[in-house]
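Working through the structure, step by step
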Amino acid sequence: MNHLKIQKSPVELDLKDFSLKGEPITYQHRVLKDVSSIFLDQDAIKKMPTETLVYHVQSWLPVDEGTRGGLSFGTSTILPGKVGNEYFMTKGHFHSLSDRAEFYWGVQGDGMLILMDRDRNTWAEEVYPGSLHYIGGEIAHRLANTGSEDLVVGACWPSDAGHDYQEIATNGFSARLLEVDNNPVLIDYEK
Ligand code: PAN
Ligand code: ZN
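Residues numbered from 1 in each chain as written. Chains lettered and ligands numbered in written order. Predicted model: local features only at pLDDT ≥ 70, side-chain atom pairs only at ≥ 80, totals over all residues. Heavy atoms only, no water.

So, the coordination of the zinc ion (ligand 2)
Coordination of the zinc ion (ligand 2) by the protein is provided by His93 (NE2), His95 (NE2), Glu102 (OE) and His141 (NE2), with metal-donor distances spanning 2.1 to 2.3 Å. Taken together, the six donor atoms coordinating the zinc ion (ligand 2) and their angles of 74 to 173° define a geometry best described as octahedral. Coordination of the zinc ion (ligand 2) draws on donor residues from a single chain, spaced H-x1-H-x6-E-x38-H in sequence. Here the residue His93 occupies a position in the loop between strand 7 (86-87) and strand 8 (94-95), and His141 occupies one in strand 13 (residues 140-145), the gap between them amounting to 48 residues. (Donors = N, O, S within 2.8 Å, 3.2 Å for Na, K, Ca; no water. Tetrahedral: all angles 85-135°; square planar, octahedral: opposite > 155°, others 65-115°. Helix = DSSP H or I, 4+ residues; strand = E, 2+ residues; numbered from the N terminus.)

What follows is the structure, encoded as structure tokens:
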């Protein structure tokens, strides 16, 4: 019984390194060999160590994934780096349930949130400490690190949103974020 109890939450966010502490936290990490197919320059990939860390995610799932009405919380860290002239980025996904939205917020570093609708229109929002992003349920989303330090981004999404990776794995985003003259530029790869 919790009646009249005063206690700490089971999880806290370390504001120095933005890690989640407590129970139960899940941890995923993606090295280059896990995500090599998302990058354009496959010759550049072959010259890079396959175990290079690209990004990692800590999540607190207070209720099981798939639970209606619940929320999940995550901290994504994308390392600085490029494959050729394409920034290190996440795989990206649509939510399986297309009416399940998500909030992202920038915590550290500089990057872009790349967004694509079902008609394959692609655009991006700048991510920086304090930037806040509402991602509609129909919108595919992917983070890219355009800076020289770790990009750290918080996220909160409905526990039953589900992650559909297949569409992006098969067809990608319609545009890629490439470095051109030292600046990030979205370039259409479908026309
Ligand atoms: C985030 C992402 C996280 C990793 O927590 O899952 O940034 O990106 P991928 O899942 O595309 O590899 C989120 O959007 N959750 O819904
Ligand atoms: Zn998501």
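A look at the environment of Leu79
Mapping Leu79 onto the fold places it in the loop between strand 5 (71-78) and strand 6 (82-83). Along the chain, Leu79 and Asp150 lie 71 residues apart, while their C-alpha atoms are 4.8 Å from each other.

Quick word on the sheet that holds strand 13
Across the sheet, which stays open at both edges, the three strands sit in the order 11-10-13 with antiparallel pairing between neighbours. With one partner strand each, in any of the chains shown, strand 11 (122-127) and strand 13 form the two edges of the open sheet. Taking the axes of each pair of neighbouring strands and ignoring which way they run, one obtains an average angle of 25° across the sheet. Pairing between strand 10 (residues 111-116) and strand 13: six bridges, direction antiparallel. Counterpart to Gly111 in the pairing with strand 13 is Asn145. (Pairing = 2+ DSSP bridges. Axes fitted to C-alpha atoms, helices over the stretch in contact; angles between N-to-C directions.)

Brief notes about the sheet that holds strand 9 (residues 102-108)
Strand order in the open sheet formed by six strands is 3-4-5-14-9-12, with antiparallel pairing between adjacent strands. Where the open sheet ends on each side, the last strands, each with one partner, are strand 3 (25-31) and strand 12 (132-135). The sheet shows a mean angle of 20° between the axes of neighbouring strands, taken without regard to direction.

Here's the deal with the site of ligand 1
As a structural note, the neighbourhood of ligand 1 is formed by 14 residues, with Tyr55, Ser76, Gly92, Tyr104 and Tyr165 the closest of them. Gly92 is positioned such that a nitrogen or oxygen atom in its backbone is 2.8 Å from an oxygen atom of ligand 1. Taking 390 Å² as the accessible area of ligand 1 by itself, protein coverage stands at 97%. Because more than half of its atoms lie within 2 Å of the grid, ligand 1 is assigned to the largest pocket. Elements that contribute at least two residues to the shell around ligand 1 include exactly strand 4 (53-60) and strand 9. Partitioned by chemical class, the residues of the shell around ligand 1 number five nonpolar, seven polar and two charged. (Near = heavy atom within 4 Å. Polar contact = N/O pair within 3.5 Å; in protein donor to acceptor, adjacent residues only side chain to side chain. Areas by Shrake-Rupley, 256 points an atom, 1.4 Å probe, with all protein chains shown as cover. 1 Å grid on protein atoms, 1.4 Å probe; cavity = no way out; pocket = protein on both sides within 12 Å on 5 of 7 lines; lining within 4 Å. Sits in = over half its atoms within 2 Å of the grid points. Nonpolar A, V, L, I, M, F, W, Y, C, P; charged D, E, K, R; others polar.)

No statement about biological role is implied by the geometric values presented.
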